[in-house]
Amino acid sequence: MVFERENIDLIEGCKKGNRKSQEQLYRSYYKSMATLCMRYTKNENDAVEVLNNGFLKVFKSIERYDQKQATIYTWIRTIIINCCLDFLKIKEKAVSHHELDEASEVHIPAEAVSRMKAKELLYLIRLLPPATHAVFNLYVMDGYNHRQIAQLLNISEGTSKWHLSEARKNLQKLIRLQEVNI
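Below, the structure is looked at part by part. Residues take numbers from 1 onward in each chain, read along the sequence in its written order. Two thresholds apply to this predicted model, a pLDDT of at least 70 for residue-level local features and 80 or more for giving and counting side-chain atom pairs, whereas whole-chain, interface and lining totals are computed over all residues. Side-chain measures were taken over the full set of non-hydrogen atoms in the model, leaving aside hydrogen atoms and water.

For the rest of this paragraph, the subject is the overall build of the chain. Numbering of helices and strands runs from the N terminus, with a helix taken as a DSSP run of H or I at least four residues long and a strand as a DSSP run of E at least two residues long. Helix and strand counts for the chain stand at nine helices and zero strands. Start at the N end of the chain and walk to the C end: the helices and strands fall as α-α-α-α-α-α-α-α-α. Burial status follows relative accessibility: with a 1.4 Å probe on protein chains alone, a residue under 20% of its type maximum counts as buried, one over 50% as exposed, and anything between as partly exposed. Looking at the chain as a whole, 42% of its 182 residues qualify as buried. Only the protein chains shown count as cover for residues, and the accessible areas themselves come from Shrake-Rupley with a 1.4 Å probe. Of the accessible surface of the chain, which amounts to about 11200 Å², a share of 52% is contributed by carbon and sulfur atoms.

Put into structure tokens, the structure is as follows:
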């Protein structure tokens, strides 16, 4: 209960424009949101840019936060994910749309993935084309379904499935190349 009271006080401070409250909120969620941004961007500079733009939106719209609707973590996370997607849309202006009724499943051997360090896997995911990268993150890492992804990215569900299939195929190739080079 003490944590909830502190959180409520922190949010109220942010609503009043209190810089110390804003800094404390930023510091409290920096690591988890920075990690989220790193999954969607190609490098740390882009991740920091997206993170800071996201927190700017958090502070500008904190008045609309309703603790009955979601936890502050979930609310901030949603804003940050949307900032990541906006960033990717800007980076990838011309995305070719591919339709598939069903995405074919590509198997990535679990033992190959388990031998890799998280940093190596993140590096490989970052090599994916931006739209494919975004769909992979939304589906695999953040648990969105194809209908939700289609709405977020303004694509069809078939296109979302295609991007996921492409991500799996590309990652499978990249993991095999990593194994050969090890």
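For helix H7 (residues 130–141), spanning twelve residues, the distance from its first C-alpha to its last is 15 Å, which sits close to the expected 16 Å at 1.5 Å a residue. Burial analysis of H7 places nine of its twelve residues in the buried class, which makes it a mostly covered element. Within H7, the full set of buried residues consists of Pro130, Ala131, Thr132, His133, Ala134, Val135, Phe136, Asn137 and Leu138. Positive backbone phi, approximately 75°, marks Gly143, located one or two places after H7. Under the convention used throughout, the expected extent of a helix is 1.5 Å for every residue step, that is, one less than its residue count.

Time to look at unusual backbone geometry. Positive phi, close to 60°, is recorded for Asn154, a residue that is not glycine. Residue placement: Asn154 occurs in the loop between helix H8 (146–153) and helix H9 (157–181).

Now for the packing of H7 against H8. Here an axis means a line fitted to C-alpha atoms, over the contact stretch when the element is a helix, while the angle between two N-to-C directions is reported on a 0 to 180 degree scale. Where H7 contacts H8, the axes come no closer than 10 Å and their chain directions differ by 140°. On the basis of their axis angle, the class for H7 and H8 is oblique. Of the two elements, H7 crosses H8, and the hand of that crossing is right-handed. Along the contact surface, H7 presents Ala134, Val135, Leu138 and Tyr139, while H8 presents His146, Ile149, Leu152 and Leu153. Angular relationships are summarised with four words: roughly parallel below 35 degrees, roughly antiparallel beyond 145, roughly perpendicular across 65 to 115, and oblique for the angles in between. In this scheme the crossing of two helices becomes right-handed for a clockwise turn of the near helix relative to the far one and left-handed for an anticlockwise turn of less than a right angle. We call two residues in contact whenever any of their non-hydrogen atoms come within 4.5 Å of each other.

Turning to the side chain of Thr41, a few remarks are in order. Structurally, Thr41 is set in the loop between helix H2 (19–40) and helix H3 (44–61). A polar contact of 2.9 Å, which involves the side chain of Thr41, links it to the backbone oxygen of Cys37. Setting aside residues no more than four positions away along its own chain, Thr41 makes contact with Asp46, Ala47, Val50, Phe87, Arg126 and His133. Here a polar contact means two N or O atoms within 3.5 Å. Within protein one must be a hydrogen donor candidate and the other an acceptor candidate, and residues neighboring in sequence count only if both atoms are side-chain atoms.

On the secondary structure map, Val140 appears in helix H7. For the pair Val140 and Leu164, spaced 24 residues apart in the sequence, the C-alpha separation amounts to 8.8 Å.

This paragraph deals with the environment of Asn52. Relative to the assigned elements, Asn52 resides in helix H3. Once the C-alpha coordinates of Asn52 and Ile80 are considered, the two residues, 28 residues apart in sequence, prove to be 9.2 Å apart.

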